[in-house]
Amino acid sequence: MPSILRRLVGPCLALLVGLSVPLVAGAQTAPGPLIAGASFDPAVPTVRTVLGYDSGETVTRPSDVRRYFDALAGFAPDRMATGEYGRSHEGRPLWWAAVGTPANIARLDQIRANSRALADPRRTTPAQAASIIASQPVIVWMAYSVHGDEISPADAAMAAAHHLLASRDPAVQAWLANTLVIFVPTQNPDGRDRFTDSFNAGFGITPNPDPLSAERDQPWPGGRFNHDLFDLNRDWFIQTQPETRGHAALVLEWRPQVLVDSHEMGTDQTFFFPPEAEPLNPLLTAKTLESREIIGRNTARRFDQAGVPYFNRQTYDAFYPGYGDGWPAYLGAVSMTYEQGSARGLAARRSNGEILTFRDTVRNHLIATLSTIEASSANRDRLLSNAYDYGREGVAGGRGAFILAPNPADPTTVDKLAGLLVRSGVEVGRAGAAFTACGQSYAAGTWVVALAQPQRRMAEVLLSRDIPLDPAFLAEQERRRARGLGDQIYDVTAWSLPVMFNVPATRCAALPSVALTPAGPDLVRPAAVADAGSAYGYLVEPGVAGLKLMTGALRAGLVVRSMAHPFTRDGRRWPSGTLLIPRAGNASNLTQTLTDLAAATGARVTGIADSWVSQGPSFGSDNAVLVRAPRIALAWDEPTSAPAAGATRYILEREFGYPVTVVRSAGLSSADLSNFQVLILPDGGNYASTLGEDGVAALRGWVERGGTLITLGRATRLMTAESSDMLASRRQDPATEKDDEAAALIADEAHYRSLIGVAEPGPASVAGALIRGDVDQEHWLSAGVSPSVNVLVQGSDIYAPLTRGQGVNVVRFGGPDDLLVSGQLWTENRVRLAFKPAVMVNALGSGQLIAFTQDPTVRGYLEGLKPLLINAVFLGPANSSPNW
Ligand SMILES: [Zn+2]
């Protein structure tokens, strides 16, 4: 807390007493303990003695949360241990703190090893498990504030740790005999500091409950996301970020039996804890759901005692496995989300006029934390036995295997998929020899996921092509939609890793008989250069790895060409998108540079002795397109969607190692873009309004002079707007397709419903389904891209295809009966999406317009679409005449 606030917070709470609204209910006298009647050992450091204020009096910075826990650990090193699991992008520590009895803190290594042993029944007999259970505490994992502007959980973590160490209640000490509590108080320190910065900067002389007050109204991008603007609460199985990667690895090391992820939600809401709303993922076990309910009932009892309202079975579902409460469930943990209505500051006025204080919100999360520990303690045997049974059931119920073969157009992406599975605790094996399974032949090196393994359900939830929604839930959604009510689907309904990565996956009923070598967590299989030292130069296979090598080569200043069409030489056919890197024009250390790049990217590089091509275009033809290193501008700030802008930058910079210039959108209309060859507008809101008429005209002029403009998702609305005069396609709006029937006679109920707009809704907004796109293989944009790709369709934007002369629909959706690959799609969206464009291209003057009608960068996890995006960014200018 800056000194100015430290000065102000004390007096300001006193000031509030005079206000007519009961602003800080509990603070009218010197605030007592958050939980009435609690009695503490005064020797234990409090938030006040360490940080200078009481719990709930102000929002604690991540560094101060750490300082407080360090003070506790310094005071009671026999009852608390701490450790780090990484650093955020901005260098802040990611850390945990364990609280337990002195006996348990002294044997943390053993407890961790026991917990892992319980999770694997193949190396732990029932007798051994029983002996572990007899002496093992339940590991209760309490994670907080993964969304940085969800502020009360981290402050509640401090209060809870204090409570456990200082309480004179013998019951609390009894809980610690049965549990080991691991706190992860600040899962997203960069986002939290972004919030506290804007909160402190906007603060006046007194907490302002108005939603318009600057202290509560965060500037873009807000504190929710981490540095890369990822929603960490969607990232657990894809682990793109240090926060999730480190946390997931830590969870695999400890294998907690109970895990809580504590959040905040809208100010008007009360408090949520499980049981969850429908839909439930069918791969969750009955025992997991039962334990969630047991703990939920205890929290309800504690909330009743404190007079705190709550709700269950509403809003927060349990379908997507990438949440902080989703992913651990498939390891067998009883994992739960807790949500408190946010004060988003020190006080908030709800729309019904009630004042919610930060102190209230901290107290509620404190109660929920303590109740969870209490219930876990009371159910120690059951929770530990269930953890053992989870692995047993995984092994016993697993038949056959998933077989993951390389996509010929992108042969190394399957390696990343295998590594990610290992990072989710799934055992993956690499076939030592060629084999046959399910009537297909597979080469040596193919990945095999045998399903008889403790983590069978994790494998199934990540690898199955589709996880169906409960038919009763779906019927209810159709009923609601027919009434003109919104659907109740909270997040995407499709996340299958093989589908998103465009990796062929087959589920075989029988386990193939081939020796398997266990895979590690590496995402890249380093490649060596074949025929290094060949006289003429090198060819590089396309795909994600080849494109990563390309961006690295461009940064290293190499001369790189991309073959626009397939060709054959020495009897081998090379696909379009093959990179040609000749010795001529490149430095003498070319072989070493490419060897290093191949090792880092996994790209497959082959030396060639001469340039002779027996079929297809020659290397000296204009089909060998010179790729230069473009300067890339990326729109940033309003109206971009923060996670979309973040994911686009993440893919280009962190995955492909290529720097971009992020430019605030508001400045684009007057910016001199002549220094850039590419401008990317990420998915977001109303660019036309931000740019203004003159800005749009200036952008058009920049394209005509050779710029490549790439729009992603809803940004494509700008390019296709009639007023922008860019791309000829138009977004299809069913509202304007209707005739004006307002004056017509109303014939019947159906007619009435159609007139008020509820009978034929649509296209409705889609939460997120994976849809097949067919790729025009002749176009330069599709060089090296698979004939079909899978597009995550979200929202309701659908466009008319370009006609000949207007441009090329390089990717279009499949037909109505076969376009859906995974997830839930409403019928009217299905029929309207059929054959419509997913990616459109047209030349404009000397430049290019490239429009993705859906965002290919979502969460950074649509691996199968990355080649199209990278082609757009690098081949767009190569096929234009920009100002280099
Ligand atoms: Zn949240």
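One can find the structure itself at the top, above this paragraph.
Described below are features of the structure shown in this document.

Conventions we followed
Residues numbered from 1 in each chain as written. Predicted model: local features only at pLDDT ≥ 70, side-chain atom pairs only at ≥ 80, totals over all residues. Heavy atoms only, no water. Helix = DSSP H or I, 4+ residues; strand = E, 2+ residues; numbered from the N terminus. Rg over C-alpha atoms; globule rule 2.2 N^0.38 Å. Contact = heavy atoms within 4.5 Å. Areas by Shrake-Rupley, 256 points an atom, 1.4 Å probe, with all protein chains shown as cover. Pairing = 2+ DSSP bridges. Axes fitted to C-alpha atoms, helices over the stretch in contact; angles between N-to-C directions. Salt bridge = Lys/Arg side-chain N within 4 Å of Asp/Glu carboxyl O. Buried < 20%, exposed > 50% of the residue type's maximum accessible area, 1.4 Å probe, protein only.

### Regarding the overall build of the chain
Part 1 of the argument: A count of helical and extended segments in the chain gives 26 helices and 35 strands.
Part 2 of the argument: What you see for the chain is a C-alpha radius of gyration of 29 Å, in line with the 29 Å of a compact globule of 884 residues.
Part 3 of the argument: Counting only contacts in the chain whose residues sit at least 6 apart along the sequence, the fraction spanning at least 24 positions is 79%.
Part 4 of the argument: As displayed, the chain has an accessible area near 32000 Å², and 51% of this comes from carbon and sulfur atoms.

### As for the sheet that holds strand β12 (residues 401–404)
Part 1 of the argument: Strand order in the open sheet made by the five strands is β17-β12-β16-β13-β18, with antiparallel pairing throughout. Pairing within the sheet leaves two strands with one partner each, and these edge strands are β17 (505–508) and β18 (516–518). When strand polarity is set aside, the average angle formed by the axes of neighbouring strands in this sheet is 30°.
Part 2 of the argument: Of the pairings in the sheet, the one linking β12 to β17 comprises four bridges and is antiparallel in character. Note that in β17 the partner of F402 across the bridge is R507.
Part 3 of the argument: Here helix α14 (residues 413–423) sits on the sheet and contacts β12 and β16 (447–450); the angle it forms with β16, its principal contact strand, is near 30°.

### What to know about the pattern of salt bridges
Part 1 of the argument: The full count for this structure, using the stated rule, is 60 salt bridges.
Part 2 of the argument: Its salt-bridge partner being R61, residue D197 comes within 2.8 Å of it at the nearest N-O pair. Highlighted residues: D197 in helix α9 (residues 189–202) and R61 in the loop between α2 (47–51) and α3 (62–75), separated in sequence by 136 residues.
Part 3 of the argument: Between D231 and R234 there is a salt bridge; the shortest N-O distance is 3.7 Å. The pair formed by D231 and R234 is uniform in burial state, with each residue classed as buried.
Part 4 of the argument: Among the ionic contacts, a cluster of salt bridges with common partners joins R61, E90, R92, D190, D193 and D197.

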